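# Coordinate analysis (summary)
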Amino acid sequence: VPAAWKLTTGSADVVVAVLDSGLDASSPEFAGRIVPGYNAFTGAEDGPADFSATLDDAGHGTHVSGTIAAAADNGAGIAGIAPRTTIMPVKVVDAKGAGTFGSMVKGLDWAVAHGARIVTLSLGGVLPPAVVSYYEAPFTAAYGAGVVVVAAAGNDGAAVTTYPCNFAHVICVGSTTNDGSKVSTFSTRTSGLTL
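Below or above, wherever it landed, is the structure these notes cover.

Conventions used here
Residues numbered from 1 in each chain as written. Predicted model: local features only at pLDDT ≥ 70, side-chain atom pairs only at ≥ 80, totals over all residues. Heavy atoms only, no water. 1 Å grid on protein atoms, 1.4 Å probe; cavity = no way out; pocket = protein on both sides within 12 Å on 5 of 7 lines; lining within 4 Å. Points joined across faces, edges and corners; volume = space filled by probe spheres on them. Helix = DSSP H or I, 4+ residues; strand = E, 2+ residues; numbered from the N terminus. Disulfide = S-S within 2.5 Å. Buried < 20%, exposed > 50% of the residue type's maximum accessible area, 1.4 Å probe, protein only. Core = buried A, V, L, I, M, F, W, Y, C linked by side-chain atoms within 4.5 Å. Contact = heavy atoms within 4.5 Å. Pairing = 2+ DSSP bridges. Axes fitted to C-alpha atoms, helices over the stretch in contact; angles between N-to-C directions. Salt bridge = Lys/Arg side-chain N within 4 Å of Asp/Glu carboxyl O.

## Points about the layout of surface pockets
Considering only enclosed or pocket space, the largest pocket measures out at about 860 Å³ in volume. Taken together, 36 residues make up the lining of the largest pocket; nearest its centre are Val64, Thr120, Ser122, Val150 and Val173. For the lining of the largest pocket, the secondary structure elements donating two or more residues are α1 (60–69), β4 (118–121), β5 (148–152) and β6 (170–173). The biggest single contributor to the lining of the largest pocket is α1, with five residues.

As structure tokens, then:
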């Protein structure tokens, strides 16, 4: 494992940028553990106590953020896998879950420049071979800056190469069956995944 990937994710000083549909910052699951984020469509940034720029109008970004960092032992909802980390919401998809690789790169660059230690993207798509290296470059730069980037393979069950999951220096994540013996039927079987 590269040294840049060795982190202590149980600490509130670890900022996880969630590049997705935004965040419902009013949720008590994230109280005191949100830093201002960015909207890649409008160029607007959140203020210290105003998270309207990254308001989640689809719900997916809040769901992903909860999986990561929902508070533990608060008697509500679930506990995230790293409940003491801090979330940085970065809006790169709209209310219908649509975005572009351009909005993704804008969000990535902003998150890295503003102190994210980990960047997660539960989204992606296919790219023509001619543009792969162009869109890969910002992800390589993030890795060079010591930022861990994690991306989803996808959920369509197809055997297809997806990005950013398949960029070098990106940790590609898929789904397995409950016993971990094989890839789930709905998980995309992309070349960046091994079981």
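## A word on unusual backbone geometry
Here tyrosine 163 and proline 164 are connected by a cis peptide whose omega angle stands at 10 degrees. Residue placement: proline 164 occurs in the loop between β5 and β6. Unlike most non-glycine residues, histidine 169 shows phi in positive territory, near 70 degrees. Its location among the elements puts histidine 169 in the loop between β5 and β6.

## Here we look at the state of the cysteines
Inspection of the entire model under this criterion finds one disulfide. Shown here is the disulfide that connects cysteine 165 with cysteine 172, its sulfur atoms set 1.6 Å apart. Handedness of the cysteine 165-cysteine 172 disulfide follows from its S-S torsion of about 75 degrees: it is right-handed. For the pair formed by cysteine 165 and cysteine 172, the shared burial category is buried.

## Section: the nonpolar core
The biggest cluster of nonpolar side chains holds 33 residues, and the ones touching the most others in it are Leu19, Val90, Val119, Leu121, Phe139 and Val149. Among the elements of the structure, β1 (15–20), β3 (86–91), α2 (101–113), β4, α3 (129–144), β5 and β6 are those that each provide at least two residues to this core. In terms of residues, this core owes the most to one element, α2, which gives six residues. If we ignore the near neighbours within four places in the chain, the residues touching valine 149 are Leu108, Val119, Leu121, Phe139, Ala142, His169, Val170 and Ile171. Judged by nonpolar contacts, the second largest core, of 13 residues, contains Val18, Ile34, Phe51 and Ile87.

## Digging into the pairing of β6
Where burial is concerned, the two faces of β6 differ: the one with Val170 and Cys172 is buried and the one with Ile171 and Val173 is not. Taken together, the four bridges between β5 and β6 define a ladder with parallel strand orientation. Pairing of alanine 152 across the sheet is with valine 173, part of β6.

## Here's the deal with the sheet that holds β4
Strand order in this open sheet of six strands is β2-β3-β1-β4-β5-β6, and the pairing throughout is parallel. Bordering the open sheet on either side are β2 (38–39) and β6, each of which pairs with just one other strand. Pairing between β2 and β3: two bridges, direction parallel. Bridging across to β3, asparagine 39 finds its partner in lysine 91. Against the sheet, α1 makes contact with β1, β3 and β4, and its axis sits at roughly 155 degrees relative to β1, the strand it touches most.

## Quick notes on the pattern of salt bridges
Note that side chains of opposite charge can pair when their charged atoms are close. For the coordinates displayed, the defined rule picks out one salt bridge. Note that aspartate 57 and lysine 91 form a salt bridge whose closest N and O atoms lie 2.8 Å from each other. Here aspartate 57 is found in the loop between β2 and α1, whereas its partner lysine 91 is found in strand β3, with 34 residues between them in sequence.

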